[in-house]
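# Commentary on secondary and tertiary structure
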Amino acid sequence: PARPTPGLSDSLFVPDEIINPAPRFAALVKNIKRRRGSKVDIRVPRYRDEKTPDAARPVGCPPPATLEEALEMDEVYMDAMAFGMGCCCLQVTFQARDLSESRHLYDQLAVLGPIMLALTAATPIRTAR
């Protein structure tokens, strides 16, 4: 695979070519970098088991400058909005026969949503337990 080149997002992993060509998406990336004063810095604890090698860069270390440094971290490091958007949302579209069926589906999902959220937040891979 081709390595991303410095540009709009300055990601070590994600090329700028995946950013939607609509002007608002490029502006969103630029504005987030400008407001933060740096690129996106998302970190998730690494799941550790007996086969997980010790990391050269501990939790809380400064952001990596190279791909190699990122791979040596004791956290899963993500440096582009493409990662964050995928980690925080799920959109589901249903087609129902009528408004009554639509409301019934919505009512069922309103109950299941928090349960599913609790289950996903408690997974060992996410909490590094």
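Since this is a predicted model, take the numbers as computed values, not measurements. (Residues numbered from 1 in each chain as written. Predicted model: local features only at pLDDT ≥ 70, side-chain atom pairs only at ≥ 80, totals over all residues. Heavy atoms only, no water.)

## Overview of the overall build of the protein chain
- Regarding its fold elements, the protein chain presents 5 helices and 2 strands.
- Within the span of the protein chain, comprising 129 residues, buried residues form 19% of the whole.
- Total accessible area on the protein chain stands at roughly 9800 Å², and carbon and sulfur atoms take up 61% of it. (Helix = DSSP H or I, 4+ residues; strand = E, 2+ residues; numbered from the N terminus. Buried < 20%, exposed > 50% of the residue type's maximum accessible area, 1.4 Å probe, protein only. Areas by Shrake-Rupley, 256 points an atom, 1.4 Å probe, with all protein chains shown as cover.)

## Focus: a nonpolar patch on the surface
- A cluster of nonpolar side chains, contributed by Val92, Phe94, Leu109, Val111, Leu112, Ile115, Met116 and Leu119, occupies part of the molecular surface with about 770 Å² of accessible area.
- Looking at the element boundaries, valine 111 is found in helix H4 (residues 99–121).
- Assessed through its relative accessible area of 55%, valine 111 is described here as exposed. (Patch = residues over 30% accessible without salt bridge, like charges linked within 9 Å, V, L, I, M, F, W, Y side chains within 5 Å. Salt bridge = Lys/Arg side-chain N within 4 Å of Asp/Glu carboxyl O.)

## Considering the nonpolar core
- Counting residues in hydrophobic clusters, the biggest one holds 5 residues: Leu12, Cys61, Ala70, Met73 and Tyr77.
- For cysteine 61, the contacting residues outside a window of four places in its chain are Arg43 and Met73. (Core = buried A, V, L, I, M, F, W, Y, C linked by side-chain atoms within 4.5 Å. Contact = heavy atoms within 4.5 Å.)

## Quick look at the environment of proline 45
- In this structure, proline 45 sits in strand S1 (residues 42–45).
- You can call proline 45 partly exposed: its relative accessible area is 33%.
- Along the sequence, proline 45 and valine 76 sit 31 residues apart, while their C-alpha atoms lie 6.2 Å from each other.

## A look at the side chain of threonine 52
- Summarising the element assignment, threonine 52 is placed in the loop between S1 and helix H2 (67–71).
- At 2.9 Å, the side chain of threonine 52 and the side chain of aspartate 49 are in polar contact. (Polar contact = N/O pair within 3.5 Å; in protein donor to acceptor, adjacent residues only side chain to side chain.)

## Topic: the side chain of serine 9
- Relative to the helices and strands, serine 9 resides in the segment before helix H1 (23–36).
- Within the local environment of serine 9, its side chain forms a polar contact with the side chain of aspartate 16, the two groups lying 2.8 Å apart.
- Look past the residues within four positions of serine 9 in its chain and what remains in contact with it is Val14, Asp16, Val29, Lys33 and Lys39.

## What about the pattern of salt bridges?
- Overall, the coordinates contain 9 salt bridges when judged by the stated rule.
- For aspartate 54, the salt bridge goes to arginine 48, with nearest N and O atoms at 3.3 Å.
- When its relative accessible area of 70% is taken as the criterion, aspartate 54 is described as exposed.
- Between glutamate 69 and arginine 57 there is a salt bridge whose closest N-O contact spans 3.7 Å. Remark: arginine 57 occurs in the loop between S1 and H2 and glutamate 69 occurs in helix H2; sequence separation between them is 12 residues.
- Among the residues examined, glutamate 69 registers a relative accessible area of 27% and is labelled partly exposed.
- Among the charged side chains, a network of salt bridges with common partners joins Arg46, Arg48, Asp54 and Asp74.

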